[in-house]
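Each chain, written out:
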Amino acid sequence: MKIKNILVSQPEPADLEKSPYGELAKNHNLNIDFNKFIKIEGVNSKEFRQHRIQILDHTAIILTSRNAVDHFFRLAKDLRVEIPDNMKYFCISESTAFYLQKYVQYRKRKIFYGKQSFEQLMELIKKHKDEKYLLPCSDIHKTSMTRLLDENEIDYQKAIIYKTLASDLSHLQISGYDMLIFFSPSGVKSLFKNFPEFEQNSTLIAAFGPTTAKAIAEAGLNLDISAPTKTAPSMTMAIEQYIQKINKKK
């Protein structure tokens, strides 16, 4: 089939023309639209108090994303909790750790970070088993995180501080796209919440990450393009390879 219109379930890059998607559109004469399928809504202080979680009962915070960083410090401010200087921070990646500079003096804090995965971060957490950890997260989070913490007998408490909700996509003509690209299970759920009668038919489905691919299969959809792979570490590279494969068949 001829691919003309693609919908990416993420915000548009700041400089689309210079982004990989811009190059893809230019090289193959594609129309690529961007629209967030999900939105983040913070839990308010009243709702948080109902869970009877005391931030200062903990000596270390596990931060798995920038959203977790933003909403943790927002909530602490709303609760009028002053985070002590000796609080330790365990971050999923170096970029998340550096993002902490928005809220704390980086050099004066005890900050640890993994390379990108929670499994790697877990190795650092195991070296500090005497800490009492707080895990700020979304209502939709990877159960593998809490499973690893439980398996390693880590003293922790989970705190839901923000929620992942479906965006309003009623303005989209979803059937007008030849390809839909997903990056999370929440995005797949949002599709069916907005378009409960959606049928894939000839629409191509692309997914980034194994959990997204699993959500697509569970939704009864066929997965046509997956990333990352050894030959396509990015979604745009996976699409590029798919288009080249189609063109060879012509």
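Residues numbered from 1 in each chain as written. Predicted model: local features only at pLDDT ≥ 70, side-chain atom pairs only at ≥ 80, totals over all residues. Heavy atoms only, no water.

### Examining the packing of aromatic side chains
Tallied over the full model, the rule gives 9 aromatic pairs. Ring geometry for phenylalanine 72 versus phenylalanine 73: centroids 5.0 Å apart, planes at 80°, classification edge-to-face. Assigned by exposure class, phenylalanine 72 and phenylalanine 73 land together as buried. For the pair phenylalanine 73 and tyrosine 103, a centre-to-centre distance of 4.6 Å together with 5° between the ring planes defines the contact as stacked. Separated by 30 residues along the polypeptide, phenylalanine 73 in helix α3 (residues 66-78) and tyrosine 103 in the loop between α4 (94-99) and β6 (110-113) bring together distant segments of the chain. The exposure class of tyrosine 103 is partly exposed, given its relative accessible area of 32%. Members of the aromatic cluster, each reached through a chain of ring pairs, are Phe72, Phe73, Tyr89 and Tyr103. (Phe/Tyr/Trp six-rings, centres within 6.5 Å; stacked < 30°, edge-to-face > 60°. Buried < 20%, exposed > 50% of the residue type's maximum accessible area, 1.4 Å probe, protein only. Helix = DSSP H or I, 4+ residues; strand = E, 2+ residues; numbered from the N terminus.)

### A few points about the packing of helix α5 (residues 118-126) against helix α6 (residues 143-151)
The interhelical angle for the contact between α5 and α6, taken along N-to-C directions, is 25°, at an axis separation of 11 Å. Considering their axes alone, α5 and α6 lie roughly parallel with respect to each other. You can see that α5 and α6 cross each other, and the crossing is right-handed. For the pair α5 and α6, contact is made by Phe118, Glu119, Met122 and Ile125 and by Met145, Leu148 and Leu149, respectively. (Axes fitted to C-alpha atoms, helices over the stretch in contact; angles between N-to-C directions. Parallel < 35°, antiparallel > 145°, perpendicular 65-115°, else oblique. Left-handed = near helix turned anticlockwise from the far one by under 90°. Contact = heavy atoms within 4.5 Å.)

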